[in-house]
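Listed here are the chains, written in short residue letters.
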Amino acid sequence: MHELSLSRAIGQIVVRAAAGRRVTRVEVDCGALRQVVPETLTRCWGLTVEGTPLAGAALVVNPIPAVVSCAVCRAETQLDWPVLRCGECASTDVTLLSGEEFLVRSIDVET
Ligand SMILES: [Zn+2]
């Protein structure tokens, strides 16, 4: 499963960043084009961290909308996936501004 391998990847990043400290909360940015279901990701996270030093760390998923910029009318509109098209004038001459991100934004550790 897609979400399971993502949560494992997050776990590896977090363990490295925490350097032995106890992690309480992890925040990730997830672009709409990644087609990740936040609920599934948090459930997979629970399974991934169970019995590891990360157990008990909460995963918070920030959904990032897919936004395109139109070369014709200059509008910035939220993408109506899966059609790469301007929401104002329906032109397909658009540039993707966001929606592809997947990154660990912050990690809270116990002090
Ligand atoms: Zn347009």
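Residues numbered from 1 in each chain as written. Predicted model: local features only at pLDDT ≥ 70, side-chain atom pairs only at ≥ 80, totals over all residues. Heavy atoms only, no water.

**Let's talk about the sheet that holds strand E1 (residues 23-31)**
As a reminder, the rule being used: Strand pairing is assigned whenever DSSP identifies at least 2 bridges connecting the two strands. Comment: elements are numbered from the N terminus, with helices defined as DSSP H or I runs of at least four residues and strands as E runs of at least two. Geometry is summarised by axes, namely lines fitted to C-alpha atoms with helices restricted to the contacting stretch, and by angles between N-to-C directions that run from 0 to 180 degrees. Contacts: residue pairs with any heavy atoms within 4.5 Å of one another.
The strand order across the open sheet built from three strands is E2-E1-E6, with neighbouring strands paired in mixed fashion. If you trace the sheet from one side to the other, it starts and ends with strand E2 (58-64) and strand E6 (102-109), each paired once. Here the strands of the sheet are splayed against their neighbours by 20° on average, with no regard to which way each runs. Sheet analysis places E1 next to E6, joined by seven bridges and oriented antiparallel. Bridge pairing in E6 links Asp29 to Leu103. Across the sheet, helix H2 (residues 38-49) is in contact with E1, E2 and E6; its angle to E2 comes to roughly 155°.

**So, H2**
Under the convention used in this document: Helices are assigned an expected span. That span is 1.5 Å times one less than the residue count. The cut-offs for exposure are 20% and 50% of the maximum accessible area for each residue type, with area from a 1.4 Å probe on protein chains only; residues under the lower value are buried, those over the upper are exposed, and the others partly exposed. Read the arc as the range of directions from the helix axis to the C-beta atoms.
Its twelve residues place the ends of H2 16 Å apart at the C-alpha level, agreeing with the 16 Å of an ideal helix rising 1.5 Å per residue. Taken as a whole, H2 has its buried residues at Thr40, Leu41, Cys44, Trp45 and Val49. Viewed along the axis of H2, the buried residues span an arc of 155°, placing them on a single side of the element. Facing away from the buried surface of H2 by more than 90 degrees, the exposed residues are Glu39, Arg43 and Leu47. Contact partners of the buried residues in H2: helix H1 (2-18), E1, E2 and E6.

**As for the side chain of Thr77**
Relative to the helices and strands, Thr77 resides in strand E4 (residues 76-78). Setting aside anything within four residues of it in sequence, one finds Thr77 in contact with Ala66, Val67, Val68, Cys86, Gly87 and Glu88.

**A closer look at the nonpolar core**
For soluble globular proteins, the rule of thumb is that nonpolar side chains tend to be buried together. Put simply, the rule reads: Throughout this description, the term nonpolar core refers to a set of buried Ala, Val, Leu, Ile, Met, Phe, Trp, Tyr and Cys residues connected via side-chain atoms within 4.5 Å.
In terms of nonpolar packing, the biggest core is built from 16 residues, with Ile10, Val26, Leu41, Trp45 and Leu59 touching the most fellow members. Sorting the residues of this core by element identifies H1, E1, H2 and E2 as the ones contributing at least two each. Leu41 has contacts with Glu3, Leu6, Ser7, Ile10, Val28, Val36, Leu59, Val61 and Phe102, leaving out every residue within four places of it along the chain. Counting residues in each nonpolar core, the second largest holds eight residues, with Ala66, Cys70, Ala75 and Val94 among its members.

**Some words on the coordination of the zinc ion**
This is how it is decided: Metal sites are built from N, O and S donor atoms within 2.8 Å, or 3.2 Å for Na, K and Ca, and they leave out water, so they may look incomplete. Here the metal geometry follows the donor angles, with tetrahedral for four donors whose angles all fall between 85 and 135 degrees, square planar for four and octahedral for six when opposite donors are more than 155 degrees apart and every other angle is between 65 and 115, and irregular for all the rest.
Within the protein, the atoms that donate to the zinc ion are Cys70 (SG), Cys73 (SG), Cys86 (SG) and Cys89 (SG), at distances of 2.3 Å. With four donor atoms in place around the zinc ion and angles of 107 to 113° between them, the coordination shape is tetrahedral. Linear spacing of the donor residues for the zinc ion on their chain is C-x2-C-x12-C-x2-C.

**Regarding the sheet that holds E4**
In a beta sheet, neighbouring strands pair by backbone hydrogen bonds and run either parallel or antiparallel. If you trace the three strands from one edge of the open sheet to the other, you get E4-E3-E5, paired in antiparallel fashion. Single-partner strands in this sheet number two, and they are E4 and strand E5 (94-98). Along the sheet, successive strands turn relative to each other by an average axial angle of 35°, direction set aside. Bridge count for strand E3 (residues 67-70) against E4 is three bridges, and the pairing is antiparallel. Its bridge partner being in E4, Val68 is matched across the sheet by Thr77.

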